[in-house]
Amino acid sequence: MATLLDGKKLSQKICSTLKSKVEKLKDKKPGLAVILVGDHSASQIYVAKKEKTAREFGFYSEVHKLPSACEEKEILNLIKYLNESPKIHGILVQLPLPAHIQTHAILNAVSPLKDVDGFHPLNLGRLFIGDPLFIPCTPQGVMELFKEYKIELSGKHAVVIGRSLIVGKPLAHLLLGQNATVTICHSKTKNLEAVCQTADILISAIGKPLFIKNSFVKEGAVVVDVGINRLNNKIVGDVDFENVQKKASFITPVPGGVGPMTIALLLQNTFKSFERFSS
Ligand code: NAD
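Residues numbered from 1 in each chain as written. Predicted model: local features only at pLDDT ≥ 70, side-chain atom pairs only at ≥ 80, totals over all residues. Heavy atoms only, no water.

**Thoughts on the side chain of K114**
Stated precisely, the cut-off is as follows: Put simply, DSSP marks the helices as runs of H or I at least four residues long and the strands as runs of E at least two long, and each gets a number from the N terminus on. Classification of residues uses two cut-offs on accessible area relative to the type maximum, computed with a 1.4 Å probe and protein chains only: under 20% is buried, over 50% is exposed, and between them is partly exposed. The sign given to each residue is positive for Lys and Arg and negative for Asp and Glu; His and the chain ends receive no count. Salt-bridge detection follows one rule: a side-chain nitrogen of Lys or Arg within 4 Å of a carboxyl oxygen of Asp or Glu. Here, two residues are considered to be in contact whenever any of their heavy atoms come within 4.5 Å of each other.
Positionally, K114 belongs in the loop between α4 (103–109) and α5 (121–128). At 8.7 Å, E84 is the nearest oppositely charged side chain to K114, a buried residue that forms no salt bridge. Setting aside residues no more than four positions away along its own chain, K114 makes contact with L82, N83, E84, S85, I88, H89, G90, I91, F134, S273 and F277.

So this is what it looks like as C-alpha coordinates:
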(Lines give C-alpha, C1' and ligand atoms only; values in the text may rest on other atoms or scores of the structure.)
Protein backbone atom coordinates (compact mmCIF):
# COMPACT_ATOMS: atom_id res chain seq x y z
CA MET A 1 0.00 0.00 0.00
CA ALA A 2 1.33 3.41 -0.97
CA THR A 3 2.51 5.99 1.55
CA LEU A 4 0.34 9.11 1.47
CA LEU A 5 1.95 12.34 0.33
CA ASP A 6 0.05 14.32 2.93
CA GLY A 7 -0.39 17.82 1.54
CA LYS A 8 -2.74 18.82 4.32
CA LYS A 9 -0.12 18.12 6.98
CA LEU A 10 2.75 19.73 5.08
CA SER A 11 0.69 22.80 4.19
CA GLN A 12 -0.21 23.28 7.86
CA LYS A 13 3.48 23.10 8.74
CA ILE A 14 4.32 25.75 6.11
CA CYS A 15 1.44 28.01 7.19
CA SER A 16 2.28 27.70 10.91
CA THR A 17 5.87 28.74 10.20
CA LEU A 18 4.55 31.72 8.24
CA LYS A 19 2.11 32.60 11.02
CA SER A 20 4.83 32.76 13.63
CA LYS A 21 6.89 35.02 11.32
CA VAL A 22 3.86 37.28 10.68
CA GLU A 23 3.10 37.51 14.41
CA LYS A 24 6.58 38.90 15.01
CA LEU A 25 5.99 41.78 12.58
CA LYS A 26 5.34 45.12 14.27
CA ASP A 27 3.09 47.32 12.14
CA LYS A 28 2.89 46.12 8.53
CA LYS A 29 1.44 42.77 7.44
CA PRO A 30 1.96 40.91 4.18
CA GLY A 31 -1.00 41.77 1.96
CA LEU A 32 -2.69 39.62 -0.67
CA ALA A 33 -5.26 40.94 -3.16
CA VAL A 34 -7.44 38.53 -5.10
CA ILE A 35 -9.43 39.59 -8.14
CA LEU A 36 -12.50 37.54 -8.97
CA VAL A 37 -14.38 38.31 -12.17
CA GLY A 38 -17.81 36.79 -12.68
CA ASP A 39 -19.68 34.08 -10.82
CA HIS A 40 -17.84 30.88 -11.76
CA SER A 41 -18.91 28.66 -8.85
CA ALA A 42 -15.63 26.74 -8.34
CA SER A 43 -13.67 30.02 -8.50
CA GLN A 44 -15.87 31.53 -5.79
CA ILE A 45 -15.09 28.58 -3.53
CA TYR A 46 -11.33 28.78 -4.26
CA VAL A 47 -11.23 32.54 -3.61
CA ALA A 48 -13.18 32.23 -0.34
CA LYS A 49 -10.75 29.52 0.80
CA LYS A 50 -7.71 31.63 -0.11
CA GLU A 51 -9.08 34.64 1.76
CA LYS A 52 -10.03 32.60 4.82
CA THR A 53 -6.60 30.94 4.99
CA ALA A 54 -4.77 34.25 4.46
CA ARG A 55 -6.65 35.86 7.36
CA GLU A 56 -6.30 32.78 9.57
CA PHE A 57 -2.52 33.03 9.29
CA GLY A 58 -2.35 36.75 9.98
CA PHE A 59 -2.10 38.13 6.44
CA TYR A 60 -3.92 41.24 5.28
CA SER A 61 -6.32 40.24 2.53
CA GLU A 62 -8.55 42.01 0.00
CA VAL A 63 -10.96 40.38 -2.43
CA HIS A 64 -12.12 42.46 -5.39
CA LYS A 65 -15.22 41.08 -7.09
CA LEU A 66 -16.17 42.35 -10.53
CA PRO A 67 -19.25 41.38 -12.54
CA SER A 68 -18.76 38.98 -15.46
CA ALA A 69 -19.90 41.67 -17.91
CA CYS A 70 -17.20 44.11 -16.78
CA GLU A 71 -14.81 45.56 -19.34
CA GLU A 72 -11.15 44.63 -19.59
CA LYS A 73 -10.26 48.25 -18.83
CA GLU A 74 -11.91 48.02 -15.38
CA ILE A 75 -9.76 45.02 -14.47
CA LEU A 76 -6.65 46.75 -15.81
CA ASN A 77 -7.41 49.87 -13.75
CA LEU A 78 -7.85 47.77 -10.63
CA ILE A 79 -4.56 45.97 -11.26
CA LYS A 80 -2.81 49.33 -11.77
CA TYR A 81 -4.16 50.51 -8.41
CA LEU A 82 -3.07 47.28 -6.66
CA ASN A 83 0.38 47.38 -8.31
CA GLU A 84 0.90 50.71 -6.58
CA SER A 85 -0.80 49.96 -3.27
CA PRO A 86 1.74 49.77 -0.41
CA LYS A 87 -0.61 47.45 1.54
CA ILE A 88 -0.47 44.80 -1.18
CA HIS A 89 2.51 42.49 -1.82
CA GLY A 90 0.78 39.79 -3.82
CA ILE A 91 -1.86 40.05 -6.55
CA LEU A 92 -3.76 37.04 -7.80
CA VAL A 93 -6.23 37.06 -10.66
CA GLN A 94 -8.49 34.04 -10.28
CA LEU A 95 -8.74 32.08 -13.54
CA PRO A 96 -10.62 31.37 -15.73
CA LEU A 97 -11.69 34.86 -16.80
CA PRO A 98 -14.86 35.42 -18.86
CA ALA A 99 -14.40 34.71 -22.58
CA HIS A 100 -14.49 38.39 -23.66
CA ILE A 101 -11.45 39.21 -21.49
CA GLN A 102 -7.96 38.55 -22.87
CA THR A 103 -6.33 36.54 -20.12
CA HIS A 104 -2.80 37.29 -21.36
CA ALA A 105 -3.41 41.05 -21.30
CA ILE A 106 -4.60 40.81 -17.70
CA LEU A 107 -1.77 38.60 -16.49
CA ASN A 108 0.78 40.84 -18.25
CA ALA A 109 -0.56 43.86 -16.35
CA VAL A 110 0.23 42.44 -12.91
CA SER A 111 3.55 43.77 -11.64
CA PRO A 112 6.09 40.90 -11.90
CA LEU A 113 7.20 41.92 -8.39
CA LYS A 114 3.71 41.19 -6.98
CA ASP A 115 2.89 38.25 -9.26
CA VAL A 116 2.58 35.65 -6.50
CA ASP A 117 0.93 33.17 -8.88
CA GLY A 118 4.00 33.34 -11.14
CA PHE A 119 1.98 33.61 -14.36
CA HIS A 120 3.53 36.82 -15.70
CA PRO A 121 5.65 36.06 -18.81
CA LEU A 122 8.70 37.50 -17.07
CA ASN A 123 8.27 35.11 -14.15
CA LEU A 124 7.59 32.13 -16.41
CA GLY A 125 10.67 33.10 -18.43
CA ARG A 126 12.80 33.35 -15.29
CA LEU A 127 11.55 29.93 -14.22
CA PHE A 128 12.42 28.44 -17.60
CA ILE A 129 15.99 29.82 -17.51
CA GLY A 130 16.41 28.45 -13.99
CA ASP A 131 16.43 31.78 -12.11
CA PRO A 132 12.89 32.02 -10.70
CA LEU A 133 11.42 34.98 -8.80
CA PHE A 134 7.90 33.58 -8.27
CA ILE A 135 7.11 29.94 -9.07
CA PRO A 136 3.47 29.05 -9.83
CA CYS A 137 1.98 27.75 -6.58
CA THR A 138 0.61 24.36 -7.65
CA PRO A 139 3.80 23.07 -9.32
CA GLN A 140 5.83 24.48 -6.42
CA GLY A 141 3.53 22.65 -4.00
CA VAL A 142 4.16 19.37 -5.82
CA MET A 143 7.93 19.92 -5.62
CA GLU A 144 7.67 20.67 -1.88
CA LEU A 145 5.90 17.34 -1.38
CA PHE A 146 8.77 15.53 -3.17
CA LYS A 147 11.26 17.35 -0.95
CA GLU A 148 9.40 16.60 2.27
CA TYR A 149 9.09 12.90 1.47
CA LYS A 150 12.70 12.72 0.15
CA ILE A 151 11.63 11.47 -3.24
CA GLU A 152 14.66 11.23 -5.50
CA LEU A 153 14.06 12.87 -8.87
CA SER A 154 17.50 12.82 -10.47
CA GLY A 155 17.62 10.39 -13.40
CA LYS A 156 14.00 9.35 -12.86
CA HIS A 157 11.47 9.32 -15.65
CA ALA A 158 8.73 11.82 -14.78
CA VAL A 159 5.59 11.82 -16.90
CA VAL A 160 3.44 14.95 -16.59
CA ILE A 161 -0.03 14.71 -18.09
CA GLY A 162 -1.34 18.18 -18.94
CA ARG A 163 0.44 21.09 -20.61
CA SER A 164 -1.27 24.13 -19.10
CA LEU A 165 0.71 27.22 -18.14
CA ILE A 166 -0.68 26.88 -14.63
CA VAL A 167 0.44 23.33 -13.92
CA GLY A 168 1.94 21.10 -16.61
CA LYS A 169 4.52 23.34 -18.30
CA PRO A 170 6.03 24.95 -15.18
CA LEU A 171 6.06 21.62 -13.37
CA ALA A 172 7.94 19.97 -16.24
CA HIS A 173 10.62 22.69 -15.97
CA LEU A 174 10.91 22.29 -12.21
CA LEU A 175 11.37 18.53 -12.63
CA LEU A 176 13.96 19.13 -15.33
CA GLY A 177 15.75 21.45 -12.90
CA GLN A 178 16.03 18.48 -10.53
CA ASN A 179 17.51 16.33 -13.31
CA ALA A 180 14.47 14.19 -13.99
CA THR A 181 13.91 12.99 -17.54
CA VAL A 182 10.58 14.56 -18.37
CA THR A 183 7.82 13.57 -20.77
CA ILE A 184 4.84 15.90 -21.17
CA CYS A 185 1.62 14.26 -22.33
CA HIS A 186 -1.62 15.94 -23.43
CA SER A 187 -4.92 15.35 -25.14
CA LYS A 188 -3.26 14.47 -28.46
CA THR A 189 -0.67 12.07 -27.02
CA LYS A 190 -0.81 8.62 -28.60
CA ASN A 191 -0.71 5.52 -26.40
CA LEU A 192 -0.99 7.52 -23.18
CA GLU A 193 -1.40 4.40 -21.07
CA ALA A 194 1.83 2.86 -22.44
CA VAL A 195 3.79 6.11 -21.83
CA CYS A 196 2.47 6.31 -18.26
CA GLN A 197 3.53 2.73 -17.60
CA THR A 198 7.17 3.83 -18.04
CA ALA A 199 6.91 6.58 -15.41
CA ASP A 200 8.81 6.44 -12.13
CA ILE A 201 6.96 9.65 -11.22
CA LEU A 202 3.48 10.05 -12.70
CA ILE A 203 1.72 13.41 -12.36
CA SER A 204 -1.78 13.96 -13.64
CA ALA A 205 -3.19 17.46 -14.25
CA ILE A 206 -5.96 16.72 -16.71
CA GLY A 207 -9.26 17.45 -14.98
CA LYS A 208 -11.01 14.16 -15.75
CA PRO A 209 -12.39 12.20 -12.79
CA LEU A 210 -10.69 8.85 -12.08
CA PHE A 211 -9.12 8.77 -15.55
CA ILE A 212 -5.79 7.26 -14.43
CA LYS A 213 -6.44 3.59 -13.74
CA ASN A 214 -4.30 0.97 -12.10
CA SER A 215 -3.21 -0.26 -15.54
CA PHE A 216 -1.50 3.11 -16.26
CA VAL A 217 0.80 2.79 -13.26
CA LYS A 218 4.14 1.01 -12.95
CA GLU A 219 4.61 -1.02 -9.77
CA GLY A 220 6.22 1.26 -7.15
CA ALA A 221 5.69 4.51 -9.06
CA VAL A 222 5.15 7.83 -7.26
CA VAL A 223 1.72 9.17 -8.25
CA VAL A 224 0.69 12.81 -7.87
CA ASP A 225 -2.89 13.80 -8.59
CA VAL A 226 -3.36 17.49 -9.32
CA GLY A 227 -6.90 17.11 -10.67
CA ILE A 228 -9.89 18.47 -8.80
CA ASN A 229 -13.15 17.12 -10.17
CA ARG A 230 -16.70 16.82 -8.95
CA LEU A 231 -18.22 13.34 -9.25
CA ASN A 232 -21.59 12.45 -7.68
CA ASN A 233 -21.33 15.45 -5.35
CA LYS A 234 -17.88 14.42 -4.18
CA ILE A 235 -14.46 15.92 -4.92
CA VAL A 236 -12.22 13.39 -6.65
CA GLY A 237 -8.94 13.60 -8.50
CA ASP A 238 -7.86 12.35 -11.93
CA VAL A 239 -6.53 9.16 -10.37
CA ASP A 240 -8.52 6.09 -9.38
CA PHE A 241 -7.05 6.38 -5.88
CA GLU A 242 -8.59 3.22 -4.35
CA ASN A 243 -6.93 0.92 -6.89
CA VAL A 244 -3.80 2.88 -7.73
CA GLN A 245 -2.73 3.15 -4.07
CA LYS A 246 -2.24 -0.65 -4.07
CA LYS A 247 0.42 -0.36 -6.78
CA ALA A 248 2.12 3.01 -6.14
CA SER A 249 4.90 3.61 -3.60
CA PHE A 250 3.67 7.14 -2.80
CA ILE A 251 0.41 8.83 -3.72
CA THR A 252 -1.38 12.14 -3.07
CA PRO A 253 -4.99 11.94 -1.87
CA VAL A 254 -7.72 14.22 -3.26
CA PRO A 255 -8.72 16.18 -1.29
CA GLY A 256 -5.77 16.71 1.07
CA GLY A 257 -2.90 16.42 -1.41
CA VAL A 258 -1.87 19.11 -3.87
CA GLY A 259 -4.85 21.43 -3.18
CA PRO A 260 -3.83 22.64 0.30
CA MET A 261 -0.22 22.92 -0.86
CA THR A 262 -1.27 25.43 -3.51
CA ILE A 263 -2.72 27.77 -0.89
CA ALA A 264 0.26 27.36 1.44
CA LEU A 265 2.65 28.26 -1.38
CA LEU A 266 0.51 31.26 -2.30
CA LEU A 267 0.96 32.59 1.23
CA GLN A 268 4.65 31.73 1.20
CA ASN A 269 5.11 33.63 -2.08
CA THR A 270 3.21 36.60 -0.62
CA PHE A 271 5.40 36.55 2.47
CA LYS A 272 8.59 36.43 0.35
CA SER A 273 7.29 39.36 -1.65
CA PHE A 274 6.55 41.28 1.53
CA GLU A 275 10.13 40.65 2.71
CA ARG A 276 11.51 41.85 -0.63
CA PHE A 277 9.46 45.05 -0.48
CA SER A 278 10.46 45.62 3.15
CA SER A 279 14.21 45.14 2.67
P1 NAD B 1 -6.38 22.73 -18.38
O2 NAD B 1 -7.76 22.39 -18.82
O3 NAD B 1 -5.78 24.04 -18.70
O4 NAD B 1 -5.39 21.61 -18.94
C5 NAD B 1 -5.73 20.27 -18.98
C6 NAD B 1 -4.65 19.52 -19.71
O7 NAD B 1 -5.02 18.15 -19.75
C8 NAD B 1 -4.46 19.99 -21.16
O9 NAD B 1 -3.10 20.26 -21.39
C10 NAD B 1 -4.94 18.81 -22.00
O11 NAD B 1 -4.15 18.63 -23.18
C12 NAD B 1 -4.78 17.64 -21.05
N13 NAD B 1 -5.76 16.60 -21.32
C14 NAD B 1 -7.09 16.73 -21.38
N15 NAD B 1 -7.65 15.53 -21.68
C16 NAD B 1 -6.65 14.65 -21.78
C17 NAD B 1 -6.60 13.28 -22.07
N18 NAD B 1 -7.68 12.56 -22.31
N19 NAD B 1 -5.39 12.69 -22.11
C20 NAD B 1 -4.26 13.39 -21.89
N21 NAD B 1 -4.26 14.70 -21.59
C22 NAD B 1 -5.44 15.32 -21.55
O23 NAD B 1 -6.37 22.45 -16.84
P24 NAD B 1 -5.40 22.94 -15.64
O25 NAD B 1 -5.72 24.32 -15.28
O26 NAD B 1 -3.99 22.57 -15.93
O27 NAD B 1 -5.96 21.99 -14.48
C28 NAD B 1 -5.93 20.59 -14.60
C29 NAD B 1 -6.63 19.98 -13.39
O30 NAD B 1 -5.91 20.37 -12.23
C31 NAD B 1 -8.06 20.45 -13.18
O32 NAD B 1 -8.80 19.40 -12.60
C33 NAD B 1 -7.92 21.57 -12.18
O34 NAD B 1 -9.08 21.76 -11.41
C35 NAD B 1 -6.79 21.03 -11.34
N36 NAD B 1 -6.03 22.06 -10.64
C37 NAD B 1 -5.79 21.83 -9.34
C38 NAD B 1 -5.05 22.72 -8.62
C39 NAD B 1 -4.76 22.42 -7.19
O40 NAD B 1 -4.50 23.31 -6.41
N41 NAD B 1 -4.80 21.14 -6.79
C42 NAD B 1 -4.57 23.88 -9.21
C43 NAD B 1 -4.78 24.09 -10.58
C44 NAD B 1 -5.52 23.15 -11.28
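**A short note on the environment of R163**
Here R163 is to be found in the loop between β5 (157–161) and α7 (168–177). A relative accessible area of 41% means that R163 is categorised as partly exposed. Dropping the residues within four chain positions of it, R163 is found in contact with G168, K169, I184, C185, H186, S187 and K188.

**A short note on the environment of K246**
As for its position among the elements, K246 is in the loop between α9 (241–244) and β11 (250–251). Note on K246: relative accessible area 53%, which makes it exposed. Taking the C-alpha atoms as reference points, K246 and G162, separated by 84 residues in sequence, lie 24 Å from one another. Residue contacts for K246: discarding those within four places in its chain leaves M1 and E219.

**A short note on α7**
What α7 keeps buried is the set G168, P170, L171, A172, L174 and L175. At its buried positions, α7 is contacted by α5, α6 (137–148), β5, β6 (181–185) and β7 (201–204). The first or second residue beyond α7 is N179, which carries a positive phi of 65°.

**A closer look at the site of the ligand**
Threshold: Residue proximity to a molecule or strand is established when one non-hydrogen atom of the residue lies within 4 Å of it. In protein, a polar contact requires one atom able to donate a hydrogen and another able to accept it; more generally it is a pair of N or O atoms within 3.5 Å, and residues adjacent in sequence count only if both atoms are side-chain atoms. Exposure was quantified through the Shrake-Rupley algorithm and a 1.4 Å probe, taking into account, for residues, occlusion by the shown protein chains and nothing else. Note on residue classes: Ala, Val, Leu, Ile, Met, Phe, Trp, Tyr, Cys and Pro are nonpolar, Asp, Glu, Lys and Arg are charged, and everything else, Gly too, is polar.
As a structural note, the neighbourhood of the ligand is formed by 21 residues, with R163, S164, S187, I228 and T262 the closest of them. In this structure, an oxygen atom belonging to the ligand sits 2.5 Å away from a side-chain N or O atom of S164. Here an oxygen atom of the ligand and a side-chain polar atom of T262 are 2.7 Å apart. Compared with its free state, where it exposes 860 Å², the ligand has 74% of that area covered by protein. Ranked by residues supplied to the shell around the ligand, first place goes to helix α10 (residues 258–278) with 3 residues. Among the residues forming the shell around the ligand, the class breakdown is 9 nonpolar, 10 polar and 2 charged.

**A short note on the domain arrangement of the chain**
What counts is decided by this rule: Note that the domain bounds were set by an automatic or database domain assignment.
Splitting the chain by domain gives domain 1 (28–111) and domain 2 (137–259). Using only C-alpha atoms to locate each centre, domain 1 and domain 2 end up separated by 28 Å.

**Concerning the packing of aromatic side chains**
To keep it simple, the criterion reads: Only the six-membered ring of Trp is used, alongside the rings of Phe and Tyr, when aromatic pairs are assigned; centres must lie within 6.5 Å, and planes under 30 degrees apart are stacked while those over 60 apart are edge-to-face, with the rest tilted. Criterion for a charge above a ring: Lys NZ or Arg CZ within 6 Å of the ring centre, and within 35 degrees of the ring normal.
Under the definition given, this model contains 3 aromatic pairs. Judged by centre distance (6.4 Å) and plane angle (65°), the ring pair of Y149 and F250 falls under edge-to-face. Residue Y149 is located in the loop between α6 and β5, and its partner F250 is located in strand β11; the two are separated by 101 residues in the primary sequence. Sitting over the face of the ring of F277, K114 holds its NZ or CZ atom 5.6 Å from the ring centroid. When the ring centre of F134 is taken as origin, the NZ or CZ atom of R276, which lies over that ring, is 4.9 Å away.

**Let's talk about the pattern of salt bridges**
This model, assessed by the stated rule, comprises 4 salt bridges. Residue E148 is joined to K13 by a salt bridge in which the shortest nitrogen-to-oxygen separation is 2.9 Å. With E148 in helix α6 and K13 in helix α1 (residues 7–23), this residue pair connects regions lying 135 residues apart in the sequence. The partly exposed category is assigned to E148, whose relative accessible area is 34%. The closest approach of N and O atoms between D200 and K218, which form a salt bridge, is 2.7 Å. Taken together, the residues span a long stretch of sequence, with D200 in the loop between α8 (192–196) and β7 and K218 in the loop between β7 and β8 (222–225) at a distance of 18 residues. By relative accessible area, D200 is classed as partly exposed at 22%. Owing to a relative accessible area of 32%, K218 belongs among the partly exposed residues under this scheme.

**A word on the packing of helix α2 (residues 41–56) against α10**
A packed helix pair is summarised by two numbers, namely the angle formed by the two axes and the spacing between the axes. Using the following cut-off: Angles shown run from 0 to 180 degrees and are taken between the N-to-C directions of axes, each axis being a line fitted to C-alpha atoms and, for helices, limited to the stretch in contact. Angle categories are assigned with fixed cut-offs, so that under 35 degrees is roughly parallel, over 145 is roughly antiparallel, 65 to 115 is roughly perpendicular, and the rest are oblique. The sense of a crossing depends on the near helix, which, turned anticlockwise from the far helix by less than a right angle, makes the crossing left-handed and, turned clockwise, makes it right-handed.
Where α2 contacts α10, the axes come no closer than 10 Å and their chain directions differ by 55°. Considered as vectors, α2 and α10 are oriented oblique to each other. Note on packing geometry: the crossing formed by α2 with α10 is right-handed. In this structure, α2 uses K49, K50, T53 and A54 to contact α10, whose residues at the interface are I263, L266 and L267. Of the residues in the contact of α2 with α10, the class split is 4 nonpolar, 1 polar and 2 charged.

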